[in-house]
Amino acid sequence: MSAYKDKTQGTWYVSFRYIDWTGKKIQKLKRGFKTKKEALNYEKEFIRKTAADMKMEMNSFIQVYFEDKKNELKENSIRNKQHMMNKHIVPYFGTRKKNEITPAEIIQWQNTIQEKGYSKTYERMIQNQLNALFNHAQKIYNLKENPCKKVKKMGKSDANKLEFWTKAEYDRFIAGIELGSEDYLIFEILFWTGIREGELLALSLSDFDMSGNLLHINKTYNRIKKRDVIDTPKTENSVRTIDIPNFLKEEVQEYAKKHYGFYFYPFFRTPQKFTREPSEFFHFADTFLSFSSSKVASAFAFSSVVMSR
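In what follows, the accompanying structure is described. (Residues numbered from 1 in each chain as written. Predicted model: local features only at pLDDT ≥ 70, side-chain atom pairs only at ≥ 80, totals over all residues. Heavy atoms only, no water.)

In this structure, the largest pocket encloses a volume near 820 Å³. Forming the walls of the largest pocket are 27 residues, and the residues nearest its centre are Asn76, Ser77, Asn80, Asn222 and Lys234. Breaking the lining of the largest pocket down by element, the ones donating at least two residues are α3 (75–88), α6 (120–141), α9 (197–201), β6 (220–224) and β7 (227–231). Sorting elements by how many residues they give to the lining of the largest pocket places α3 first, with 7 residues. Looking at the lining of the largest pocket, its residues break down into 7 nonpolar, 11 polar and 9 charged. The calculated volume of the second largest pocket comes to roughly 280 Å³. If you go around the second largest pocket, you meet 14 residues; those closest to its centre are Asn41, Tyr42, Glu45, Glu57 and Ser60. Of all the secondary structure elements, the ones that give two or more residues to the lining of the second largest pocket are α1 (36–51) and α2 (58–69). At 7 residues, the largest contribution of residues to the lining of the second largest pocket is made by α1. Of the residues assigned to the lining of the second largest pocket, the class counts are 2 nonpolar, 5 polar and 7 charged. (1 Å grid on protein atoms, 1.4 Å probe; cavity = no way out; pocket = protein on both sides within 12 Å on 5 of 7 lines; lining within 4 Å. Points joined across faces, edges and corners; volume = space filled by probe spheres on them. Helix = DSSP H or I, 4+ residues; strand = E, 2+ residues; numbered from the N terminus. Nonpolar A, V, L, I, M, F, W, Y, C, P; charged D, E, K, R; others polar.)

Leave glycine aside and you will find that most residues have negative phi; peptide bonds, for their part, are mostly trans. Here Asn142, not a glycine, exhibits a phi torsion of approximately 60°, which is positive. Take Asn142: its relative accessible area is 65%, and that puts it in the exposed class. Even without glycine at this site, Asn213 takes up a positive phi of about 55°. Inspection of the secondary structure assignment puts Asn213 in the loop between β4 (208–209) and β5 (214–217). We classify Asn213 as buried; its relative accessible area is 17%. (Buried < 20%, exposed > 50% of the residue type's maximum accessible area, 1.4 Å probe, protein only.)

So, in structure tokens, the structure goes:
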């Protein structure tokens, strides 16, 4: 028996040996269990996880998955995937053994998720997380059958066609913002370039090629666990160069000269903190353009050819 009673603390602990991935025998000690059963269950699950035994619980395999992927996925991607898995997968399959989850159970899970009223694209994102776990188990750890392959995916990968601001709508919006202000330049860059908000918040002056009227996008900003994180974009296709109109270049130059000279980095950031919370800009735009009915109150995804003015 590897579970023992700690008479001093009144709790149980386990002490056992296991073989790590190098073949080395390791002694493992874990204390603080309320019951003998909990202690023994911990030992069994730990050994299964170490050996990547597909009898392990989904909770344990999720830990294995992220350990395997830690050098492949970006920090923000890991955070987002962990959030979706913890919210939508763990409550249903967390204590189930990987090799015992059936296609019928996945259909029941899909029905439960679909009753929550999420968008079809978000449903597909949730589905993709479960698929990723089973695909990894089958490809790397020889899971015999992948139940996801027998079930139609829920949701859809493509969002409904979006309608974007017209030039007239944008003119109406930007007229309400002080000319030359930080807010003004932020929305000018977003509208006329179509870059994402994270890309905007990571901009530095060196990203602008003033002589060629170009903007180089090669990094993005995220706020992770109260830390400012500037990283490369999620995909290679997100690294790109955008033509910018002459008037936008002049607005950037004027802003830089007025506020920072030629020594500021990132673009909309003081050395200490953001001058405004990033979310404030987008909430403001959302409220201001409520008149826009079914149209997306966001020009940020605008990617048409820049119009002259």
